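Below are the chains, spelled out letter by letter.
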Amino acid sequence: MDSFDNFWSIYSNLVLSLGVNALLALSIYLTLSCGMLAMANAAFMGIGAYTSSILTMNYGWPFSAALAAGMVAPVLVALVIGRPTLRLSGVYLAMATLAFGEVVRLTVLRAEGLTGGALGLNGIPQLTQWWHVLLSVVVVLFVLARLRRSRIGRAFEAIKEDETAAGLMGIDVNGHKMLAFALGGAIAGLAGVLNAHLTFFIGPQEFGFDRGVEILTMTILGGINSLFGPVIGAVIITLLPELLRSFKDYRAVANGLILVVIVLFMPKGLWNPAWLRRRVGLRGRKGVTP
Amino acid sequence: MLAQQLFNALSLGCVYALFALGFTLIFGVLGVVNLSQGAVFMLGAYAALTAVTRLGAPLWLAIGFAFAFSGLVGLLIDRIVLKPLRARDAPHLIPMIATIGLGLAMNSLVQGWFGAENQRFPSEVLPQDSLQLAGVSVTVLELGIILVSFALMTVLLLALKKTQLGRALRAIAESPKAARLLGINVDGLFMLTSFVAAGLGGVAGVLIGLYSNALFPLMGQPMLHKGIAVIILGGMGDIRGAMFAGLFLGFAEVLSVTYIGSDMRDAVAFGLLFLVLLVRPKGLFGSVQERKV
């Protein structure tokens, strides 16, 4: 166990941020699986992180209550902004939600008394245990896997394929979009809460444009045909900078080029069961993988 | 005082318009949101700086060099990355991710090369004079920025409007397939568009570098974010819309600094965008037809 302790003391943060990133990737997967390119997840993560940190630091709330609040807060915001924004489509939706993210970031910057402004919040109690992260990932995966095969999941897929047709079949398109959006917000909020109580510090820069893009990248890279895709994408994006340490200053060059190569040569994302089956020659069960 | 501010706003707005023009051109013709345009913008600035400091080129030549260099980079991006994706008919998101990767690589390449700290144009190459125009003191530099931007925009608008080439480009924007059937050299025009659009981005980079006299590897990121806001405000792919929206953003930013406070400056673009999208989902000037099924 010694070697494990050794490993853990060095890499525990990395492993736990893997989990947090996996949650984020799954949160955007949810809206993507409903055919929406909504990129508010970084903002939702920030809302969750700030809500819970302020509650635990300033009001002494227990972690479980703060965690719940950190998930509810983004859902409430999602319900409010979802109504006007979700009628947009494609690139317009992406940009409106990114713009919303910037608005949130700047609000945080302005509300210095509560959020510490540009300096961020320091000294957040480290309440997140490793099993919190693991449990969250497992629970979210389980819920999403069940959801996929439920009536709601089928409705998401129908909307993704063709919104008009889905509406004509009697699916409540707006309701389902809102559900996906709000649920994604809750998962992103959860990731924010866990991350804030892990890293001890949060600042407004962490939840800006770049984070939003990174979350999307993880999910697209992994592929959105199954739940494993986003998780694998999260693992790659989190580990890549670590693996490329030897490139030193040019680390991000390699990182960026790898993204390009993957996109060019693996069009369906990294996790592509059909391709794997063809390659390995396994005759897998035909149908959807969870 | 107000006249002074308005003049500043005009020069800033011109650069925004120029950048947005290249950005929206790529979207309009190639149908791609090219997120590496911010990095191309930065490359243009560094190319001009190198031309000035290493080769001792005069400023106007350096601007030309920046246009050619960043245009070439844009061309390479199209040939190596965007073309295969186009051939595969990849969904919208895929070129976005690829260009994010490219932007990341270019940003950090420059950071490795030139260092992360701010670089400046040597003060002897910058025109230091200022003129008195109707009681407003106007620096020659700002005047130059405005002139260069307007000249480039006018040439582009005229070319698109009046020439055979422009007609062909507009046909491609409508439908690349139909354009090809009409005997238009679609691939060649894609290359030309990539070159010109990236070149415009590069020149915008030089102009901003001159305006603020600070070059740093990540200088393209805020520009990219604002550019996105601008082309949506103007209606995606709409050339004139992008120009107006760019100028408009320049004014909105400068006036907000004057009347609201400097820390809200960066909020202006996205605050505006968020509000406009809620009211007019197609952008302020948007009359663009969406490419449907």
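A. Main features of the overall build of chain A. Summing up its helical and strand segments, chain A has 13 helices and 2 strands in all. For chain A, whose C-alpha radius of gyration is 19 Å, the value lies close to the compact-globule estimate of 19 Å for 290 residues. Reported as C-alpha extents along the three principal axes, the dimensions of chain A are approximately 50 × 50 × 35 Å. Within chain A, buried positions represent 48% of all 290 residues.

B. Structural detail: the overall build of chain B. Each helix and strand in chain B was counted, giving 11 helices and 2 strands. Moving toward the C terminus, one meets the helices and strands of chain B in the order α-α-α-α-β-β-α-α-α-α-α-α-α. Taken against the 2.2 N^0.38 rule, which gives 19 Å for 293 residues, the C-alpha radius of gyration of chain B at 19 Å falls within 12% of a compact globule. Over its C-alpha atoms, taken along the principal directions, chain B stretches across nearly 55 × 45 × 35 Å. In chain B, which comprises 293 residues, the proportion classed as buried is 52%.

C. Structural detail: unusual backbone geometry. The phi dihedral of Phe200(A) falls on the positive side, at around 80 degrees, and the residue is not glycine. Within the secondary structure, Phe200(A) sits in the loop between α9 (173-199) and β2 (201-202). In this structure, Asn213(B) takes a positive phi of about 45 degrees despite not being glycine. Structurally, Asn213(B) is set in the loop between α8 (186-212) and α9 (220-233).

D. Examining the interface of chain B and chain A more closely. With 31 residues of chain B in contact, the opposing surface of chain A contributes 30 residues. In terms of residue class, the side of chain B that touches chain A is built from 24 nonpolar, 6 polar and 1 charged.

E. Region of the structure containing helix α10 (residues 209-222) of chain A. Residue and element names in this part refer to chain A. Taking 1.5 Å of rise per residue, 14 residues should cover 20 Å, and α10 covers 20 Å from first to last C-alpha, within 8% of that figure. Within α10, 11 of the 14 residues are buried, leaving the element largely enclosed by the surrounding structure. Within α10, burial applies to Phe209, Arg211, Gly212, Ile215, Leu216, Thr217, Met218, Thr219, Ile220, Leu221 and Gly222. Looking at the residues trailing α10, positive phi occurs at Gly223, about 105 degrees.

F. Local environment of helix α5 (residues 140-162) of chain B. With 23 residues, α5(B) should cover 33 Å at 1.5 Å per step; its first-to-last C-alpha distance of 32 Å lies within 8% of that length. Turning to α5(B), the residues buried within the fold contact α1 (2-30), α3 (59-88), β2 (136-139), α8 and α10 (239-259) of chain B.

G. Quick peek at the pairing of β2(B). Residues and elements named next belong to chain B. Here strand β1 (residues 130-133) pairs with β2 via 4 bridges, running antiparallel. Bridging from a neighbouring strand, Leu133 pairs with Val136 of β2. Where β1 folds back onto β2 in an antiparallel hairpin, the turn is made up of 2 residues, including Ala134, whose phi is positive at roughly 50 degrees.

H. A look at the nonpolar core. Leu18(B), Leu21(B), Ala48(B) and Leu273(B) are the most contacted members of the largest nonpolar core, which totals 195 residues. Counting residues per element, this core draws most heavily on α1(B), which supplies 17 residues. Ignoring anything within four residues of it in the chain, the contact list for Leu273(B) reads Met95(A), Ala99(A), Ala229(B), Ile232(B) and Leu233(B).

I. Representation of the packing of helix α6 (residues 130-148) of chain A against α9(A) within the structure. Residues and elements named next belong to chain A. Across the interface, α6 lies against α9 with an axial gap of 11 Å and an inter-helix angle of 170 degrees. Taken as axis vectors, α6 and α9 run roughly antiparallel relative to one another. For the pair α6 and α9, contact is made by His132, Val133, Ser136 and Val140 and by Ile187, Leu190 and Leu194, respectively. A class-by-class count of the residues in the contact of α6 with α9 yields 5 nonpolar, 2 polar and no charged.

J. Main features of the confidence of the model for chain B. Residue and element names in this part refer to chain B. Per-chain confidence: chain B averages 85 in pLDDT, with 95% of residues scoring 70 or above. Looking across chain B, the model is least confident in β1, with a mean pLDDT of 74, and most confident in helix α2 (residues 37-53), with 94. Note on residues 288-293: pLDDT is under 50 here. Beyond four places in sequence and across chains, it has 5 contacts. Of the two predicted TM-score estimates for the complex, the pTM is 0.82 and the ipTM is 0.81.

K. Structural view of the confidence of the model for chain A. When pLDDT is averaged along chain A, the result is 86; 94% of the residues meet or exceed 70. Per-residue pLDDT stays below 50 along residues 284-290 of chain A; that stretch engages in 8 contacts with residues further than four places along the chain or on separate chains.

Conventions adopted
Residues numbered from 1 in each chain as written. Chains lettered and ligands numbered in written order. Predicted model: local features only at pLDDT ≥ 70, side-chain atom pairs only at ≥ 80, totals over all residues. Helix = DSSP H or I, 4+ residues; strand = E, 2+ residues; numbered from the N terminus. Rg over C-alpha atoms; globule rule 2.2 N^0.38 Å. Buried ≥ 20, exposed ≤ 12 C-beta atoms within 10 Å, placed from the backbone. Contact = placed C-beta atoms within 7 Å. Nonpolar A, V, L, I, M, F, W, Y, C, P; charged D, E, K, R; others polar. Expected span 1.5 Å × (residues − 1). Pairing = 2+ DSSP bridges. Core = buried A, V, L, I, M, F, W, Y, C linked by C-beta atoms within 7 Å. Axes fitted to C-alpha atoms, helices over the stretch in contact; angles between N-to-C directions. Parallel < 35°, antiparallel > 145°, perpendicular 65-115°, else oblique. pLDDT = per-residue confidence, 0-100.

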